[in-house]
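Okay, here's what each chain looks like letter by letter:
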Amino acid sequence: MRANGEQARSVAISDAVAVERTLSGERDAYRLLVERHSQYVYRLAYRMTGNKEDAEEVVQEAFLRAYQKLRQFAGNANFGTWVYRIAANYAIDRLRQRKSEDSRREQPKRIAEGEPESDPLSEVKDAAPSPERLAGSAQLAAKMKEALDTLTPAERTAIVMRHWDGCGIEEIAAVLKSNTSAAKNTVFRAVQKLRLALQPFAEARGAARAVGTE
Amino acid sequence: MKHATEDELFAYREGDAKGREAMAAHLKECAECRAELARLEEVFAALDAMPVPDPGEDYGTRVWRQIAPRLPEKRAGWWQTFFVPQRLAVAGAMAALVIAAFFAGKKVGPGNTGGSETAVEAASAEKVRERVLIVAVGDHLGKSEMVLVELSHASPADSGKKLINISAEQKRAESLVEENRLYRQTALEGGDNAMASTLDELERVLMDVANSPAEVTPAQFDSIQKRIAEHGILLKVRVVRQELRTAETGRKSQPAQTDSMAKERNKV
């Protein structure tokens, strides 16, 4: 743990130097920051967008925006955390735009964010395939991917930031532009939807275990 | 206690303090709620099972190539110039002295912060930045030293292997080259030619390692070791690190410092 802490401190310090160099007019110093943080930002972007092409676009745009706003950063926080937040903000905007385009094209019964939801889970539940179709971990991953696609952009952002990246509720609230209580509810709503989407899979596995086929 | 609701179980899993003890006690007693919590855990386990495709080790470089042509040049602001002593003169003579002292291998004591309030404030801010730079360069040299020591002390010829894998050292050297360039230019602009020269030599050796094949023959490995030895770079790196350590601790304890160490470094 100590080594990790020291490593993080050392990265933050050398990031701070690279930021200073970039701001003093040396554009190539920014390369170090891009090369160091791209993989981490990519993982967030992929989990949020669900595909490689969009994820790569989010990464590029995040680093471009970070460069443009570098004077605002001014060494007040960790550069990695800062660019991560920029990427999350851009990705959520992109998800919202995509959902809105999809809904115009397909005109499905979508529940707008923030509106009272009479049965928020029915969409996921109805779309679920039969338990027979669900077996094996590859199918579980595929099922989870599908379930993530049914989440609203805010829910998806919240669960990605909370579960995979261990972000605090305040940080999630900042990206969602909401208060902490609403952000907490958004995470919970996402978990509820995912759970219901996976329920047939869990039941199928339970049944398989009971008859000794798994 | 009645059965826990899903959001109560979720809050418990999230570590919420409210009603935590009562919930823990209830879970011990209630198999139904334990099963419910386990089902919730399955969701998180399923999330963990989701793969993210590996974009490749050179992904950062590819991102850079894609965005670099779209990045406009930045103009330096007055406050970003902590590496450039002559510009600091406008912020007060004291601040300039602090930075210049670093590059000249001299130190300035905490008691010497005379002058106007502006100068003192500027000096204080610059001291923080100076410390950042000292720690950053010291850390970089430590990592470089480790790579060079590992390569210098290995005796692969004894192992009888036809090819020696140096990919781990190679990758580390590769990541150190870029940082080294940054610090070298910084030292150069700051007027510390001796530091810049040491970093320049280090950069050449790191580049040699970074550009070597991942697997080398014993003869090639021997040649890498010779290149490290003939420049005496390890000793120079150690001397500079020692200087930086002294500079860092000296900022607090303020012992006398002379140019002797810089001379020593240049003698190596």
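Every value quoted in this text rests on a predicted model; they were computed, and no experiment measured them.

**As for the overall build of chain A**
For chain A, the count of helices and strands is 10 helices and 0 strands. In chain A, the succession of α and β elements from N to C terminus is α-α-α-α-α-α-α-α-α-α. Relative to its full complement of 214 residues, chain A shows a buried share of 40%. Partitioning the intrachain contacts of chain A with sequence separation of at least 6 by distance along the chain shows that 67% fall at a separation of at least 24.

**Observations concerning the overall build of chain B**
When helices and strands are counted, chain B shows 12 helices and 2 strands. Reading chain B from its N end, one meets helices and strands in the order α-α-α-α-α-α-α-β-α-α-β-α-α-α. Across the 268 residues in chain B, those meeting the buried criterion constitute 29%. Expressed as a percentage of contacts within chain B between residues at least 6 apart in sequence, the contacts between residues at least 24 apart total 72%.

**Considering the interface of chain B and chain A**
For interface size, the figure often reported is the accessible area lost on association. Each partner contributes to the interface: chain B provides 43 residues, whereas chain A provides 45 residues. For the side of chain B that touches chain A, the elements supplying multiple residues, two or more each, are helix H1 (6-13), helix H3 (31-48), helix H4 (59-67), helix H7 (117-153) and helix H8 (167-190) of chain B. Of the residues in the side of chain B that touches chain A, the class split is 25 nonpolar, 7 polar and 11 charged.

**Let's talk about the environment of Thr186(B)**
Residue and element names in this part refer to chain B. One can find Thr186 in helix H8. In this structure Thr186 comes out as buried when scored by C-beta crowding, with 26 C-beta atoms within 10 Å. Between the C-alpha atom of Thr186 and that of Ala196, which follows or precedes it by 10 residues, the distance is 8.0 Å.

**A closer look at the packing of helix H2 (residues 29-49) of chain A against H4(B)**
Where H2(A) contacts H4(B), the two axes come as close as 8 Å, and the packing angle between them is 115°. Like other packed secondary-structure pairs, H2(A) and H4(B) cross with a definite hand, here right-handed. Facing H2(A), whose interface residues are Arg31(A), Val34(A), Glu35(A), Arg36(A), Ser38(A), Gln39(A) and Tyr42(A), H4(B) presents Tyr59(B), Gly60(B), Thr61(B), Val63(B), Trp64(B) and Ile67(B). Across the contact of H2(A) with H4(B), the residue classes break down as 6 nonpolar, 4 polar and 3 charged.

**Here's the deal with the packing of H2(A) against H8(B)**
With their axes 10 Å apart at the nearest point, H2(A) and H8(B) run at an angle of 150° to one another. The orientation of H2(A) relative to H8(B) falls into the category roughly antiparallel. Once H2(A) is placed against H8(B), the crossing between them reads as left-handed. In contact with Ala29(A), Arg31(A) and Leu32(A) of H2(A), H8(B) contributes Glu178(B), Glu179(B) and Leu182(B). Across the contact of H2(A) with H8(B), the residue classes tally to 3 nonpolar, no polar and 3 charged.

**Some details on the nonpolar core**
Among the nonpolar cores identified, the biggest contains 93 residues, and Ala45(A), Val59(A), Ala62(A), Val83(A) and Ala87(A) are the most heavily contacted of them. Setting aside anything within four residues of it in sequence, one finds Val83(A) in contact with His37(A), Val41(A), Ala62(A), Phe63(A) and Ala66(A).

**Some thoughts on the confidence of the model for chain A**
Residue and element names in this part refer to chain A. Overall, the predicted model of chain A reaches an average pLDDT of 79, with 71% of residues at or above 70. The spread of mean pLDDT over the elements of chain A runs between helix H6 (residues 122-127), the lowest at 41, and helix H3 (residues 52-68), the highest at 95. Confidence over residues 108-112 falls short of pLDDT 50; this stretch has 4 contacts with residues more than four positions distant or in other chains. Here residues 114-135 is a poorly scored stretch, pLDDT under 50, and it has 30 contacts once near neighbours within four places are set aside; other chains count.

How each quantity is defined
- Residues numbered from 1 in each chain as written.
- Chains lettered and ligands numbered in written order.
- Predicted model: local features only at pLDDT ≥ 70, side-chain atom pairs only at ≥ 80, totals over all residues.
- Helix = DSSP H or I, 4+ residues; strand = E, 2+ residues; numbered from the N terminus.
- Buried ≥ 20, exposed ≤ 12 C-beta atoms within 10 Å, placed from the backbone.
- Contact = placed C-beta atoms within 7 Å.
- Nonpolar A, V, L, I, M, F, W, Y, C, P; charged D, E, K, R; others polar.
- Axes fitted to C-alpha atoms, helices over the stretch in contact; angles between N-to-C directions.
- Left-handed = near helix turned anticlockwise from the far one by under 90°.
- Parallel < 35°, antiparallel > 145°, perpendicular 65-115°, else oblique.
- Core = buried A, V, L, I, M, F, W, Y, C linked by C-beta atoms within 7 Å.
- pLDDT = per-residue confidence, 0-100.

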